[in-house]
Amino acid sequence: MSSRTAVVTGASSGIGAATARRLAEAGFHVALAARRTDRLDALAKELTDAGRSASVHALDVTDRAAVDAFAGSLGELPPVHVLVANAGGALGTDPVATADPADWRAMYEVNVLGVLNVTQALLPALTASGDGTVVVMSSTAGLNTYEGGGGYVAAKHGAHVIAETLRLELNGQPVRVIEIAPGMVKTEEFSLTRFRGDAERAEAVYAGVAEPLTAEDVADTVAWAVTRPSHVNVDLLVLRPRAQASNYKVHRER
Ligand code: 8X3
């Protein structure tokens, strides 16, 4: 029986699902949170069939009332020690001059306010646990910028600032704040969502790149950071595939 809960948002696919698997393996009860519960049900079944502990929670992180209700519903579970604020995503690659403000708003909602909502709602439990960890899944887009990145880069910079500020504000409390900033990760949905279902454009992002990171690579890093001794805070960890030296310099085999 797990004695600690890890909440993972955006657990229905990609990095979130892979992270939930790794944290379940590490002995956590994983509270799987996302909008698409059919996917969460399948993941929870896979985990429980393997003898792990998981629960399913329908959640839109941009809906503050829903987030508060979710936080209030966790009382039956083992104490919440870990929050992986992973839900996020990109919409479009339009230049600043012509981007749709509605896309920017949507990206700010999920990548910034979504992280804020779940963090605020779960901080009392994380603090009460006596040994809490917040993991903010940012991006290299939170640290650098690139043409066409506009709204996503702005939003991920916001997520980065939440992690940096929260770490300062929680100093002296038993909660550490870890930021994981992945570069090029090939998942089933990230680029497809960014390019609004255009599979060809989505695939072109990874064209010729020998080995983009996988969701499992990132999950492995999250699990490593979270399972360091409590006094060790991995402030910020940037990970990229070897083929990506920067957001602009990607080695592609022709
Ligand atoms: C994804 C990395 O380079 O597409 O968070 O912005 S990038």
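The structure displayed is predicted, hence computed values, not measured ones.

A. Region of the structure containing the pattern of salt bridges. One pass over the structure, following the stated rule, counts 14 salt bridges. E189 serves as the salt-bridge partner of R36, at 2.8 Å between the closest nitrogen and oxygen. A residue pair is termed long-range when its members are at least 10 positions apart, and R36 in the loop between β2 (29-34) and α2 (37-49) and E189 in the loop between β7 (185-186) and α6 (190-194) qualify at 153 residues. The shortest N-O distance in the salt bridge between D49 and K45 comes to 2.7 Å. Of the two residues, D49 and K45 both sit in helix α2, 4 residues apart, roughly one turn of that helix. Residue D49 shares its accessibility class with K45, and that shared class is exposed.

B. Spatial organisation of the site of the ligand. The local shell around the ligand consists of S139, A141, Y146, Y152, G183, F190, R194 and N247. At a separation of 3.2 Å, an oxygen atom of the ligand approaches a polar side-chain atom of N247. Within the complex, the protein chains bury 82% of what would otherwise be the 250 Å² of accessible surface of the ligand. By residue class, the composition of the shell around the ligand is 4 nonpolar, 3 polar and 1 charged.

About the criteria used
- Residues numbered from 1 in each chain as written.
- Predicted model: local features only at pLDDT ≥ 70, side-chain atom pairs only at ≥ 80, totals over all residues.
- Heavy atoms only, no water.
- Salt bridge = Lys/Arg side-chain N within 4 Å of Asp/Glu carboxyl O.
- Helix = DSSP H or I, 4+ residues; strand = E, 2+ residues; numbered from the N terminus.
- Buried < 20%, exposed > 50% of the residue type's maximum accessible area, 1.4 Å probe, protein only.
- Near = heavy atom within 4 Å.
- Polar contact = N/O pair within 3.5 Å; in protein donor to acceptor, adjacent residues only side chain to side chain.
- Areas by Shrake-Rupley, 256 points an atom, 1.4 Å probe, with all protein chains shown as cover.
- Nonpolar A, V, L, I, M, F, W, Y, C, P; charged D, E, K, R; others polar.

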